[in-house]
Amino acid sequence: MNKRHFIKALGIGGLAISGPSLPAIATGKKETAPQKKGVQHRVWINPDHKDTAAELQQRYAAYRKAGIADIFFEADSELHFKTAKANGIKAHRWMWTMNRGEKDLLASHPEWYAKNRKGESCADHPPYVDYYRWLCPSKPEVVNYLKNQVEQILSKDYVDGIHLDYVRFCDVILPVNLWSHYGIDQSKELPEYDFCYCEQCRDAYKSSYGVDPLQIEHPDQSPSWRKFRYDRVTNVVKNLAQVAQQHKKPISAAVFPTPEIAKRIVRQDWTNWPLNAVCPMIYHGFYRENIVWIGDAVAEGVKALHGAFPLYAGLFLPDFKGNYADLQEAVKLAVNNGAAGVSIFGDVNAEVLKVLQQTAKM
């Protein structure tokens, strides 16, 4: 299932070195922010295999003219990748990371899947929707499986980089706009959405802190148990970054909108990940915010990164409801607050390209 269809299933709306031009993988050291060399944008795309070479040539030439410098492709397509590259656009493979519901994987390794606080496994009790099947980041077999996936992707000469999505735990709290859709009140963490309490996670935590998290009176309020889970996800990213570094190709990630929100509701500590770029999904409609919040979210992320790597503000086009003046203002807010550009999810039509082209000159 591609991400557009997945977002529909969730009920969200209309639709995670070396080389002269490659920034060094972040080491965790906070560096001085580099001087901006002009705004450049990115887009998330699921390639249509029915597209012809002539159609793609015209499309990607228009994208590049509009200031789009990178494309995240959700599926492999040599034609799409090579045509984008021929037009001066870097072509990255966009990969679902921890959320993996492939039937063969479920059948062969149900023990790899995360368990909630009630002891239910994502393998047979997926939360929210049937496609939410989360792997446990504590299992070495899972980390090796994902490393092999990245190795296979980056071994292809037409792939310029790897882009991680769903590199996190399941949402313990959904964006408020979805509560009514599911008929749930998530003003507190509920056990059925709180992961991972598998034996391996519990044993590893107990070996460090001396207590089984299930024996903590309010595990949802334990700072050390939260940190343990941040670190589990960070360890996955570090391992995948090593593969990218070996291939001398960049690694980036789609993450939740701000460092605070990411840590609180999906256990992502993305400001401490070894990335070349990050794309926080600042989907304002999901959080019932107006476009001014996009600038606030960007400013919070940029400040927390201390120049370690660039931030591209993820914008969800259906939230703008065809109001391109608002879209232009959102891009300006993002850039003026320190974003290196924006990353677009949705139908990239001529009006969207016009907005991007205008803002790429900022």
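Residues numbered from 1 in each chain as written. Predicted model: local features only at pLDDT ≥ 70, side-chain atom pairs only at ≥ 80, totals over all residues. Heavy atoms only, no water.

Across its 24 residues, helix H8 (residues 223-246) extends 35 Å between first and last C-alpha, which sits within 8% of the 34 Å expected from 1.5 Å per residue. Where H8 ends, the next residue or the one after it, Lys248, has phi of about 55 degrees, a positive value. (Helix = DSSP H or I, 4+ residues; strand = E, 2+ residues; numbered from the N terminus. Expected span 1.5 Å × (residues − 1).)

Evaluation of the coordinates by the stated rule reveals 25 aromatic pairs. Considering the side-chain rings of Tyr132 and Trp134, the 5.1 Å spacing of their centres and the 80 degrees angle between planes classify their relative orientation as edge-to-face. Taken together, the aromatic side chains of Trp44, Phe72, Trp94, Tyr283, Phe286, Phe316 and Phe345 make up a single cluster linked through ring pairs. Over the aromatic face of Phe228 sits the side chain of Arg232, whose NZ or CZ is 5.2 Å from the ring centroid. (Phe/Tyr/Trp six-rings, centres within 6.5 Å; stacked < 30°, edge-to-face > 60°. Lys NZ or Arg CZ within 6 Å of the ring centre and 35° of its normal.)

Residue Cys196 follows Phe195 across a cis peptide bond; omega there is -5 degrees. For Cys196, the position within the fold is in the loop between helix H6 (179-182) and helix H7 (199-209). Even without a glycine there, the phi angle at Lys248 is positive, about 55 degrees. Mapped onto the elements, Lys248 comes out in the loop between H8 and strand S5 (251-255). A residue is classified by how much of its surface remains accessible, and Lys248, at 52% relative accessible area, is exposed. For Lys321, which is not glycine, the phi dihedral falls at a positive 50 degrees. By the element assignment, Lys321 lies in the loop between strand S7 (312-316) and helix H11 (324-336). The exposed category is assigned to Lys321, whose relative accessible area is 72%. (Buried < 20%, exposed > 50% of the residue type's maximum accessible area, 1.4 Å probe, protein only.)

Fair warning: the whole summary comes from geometry, so function is off the table for now.
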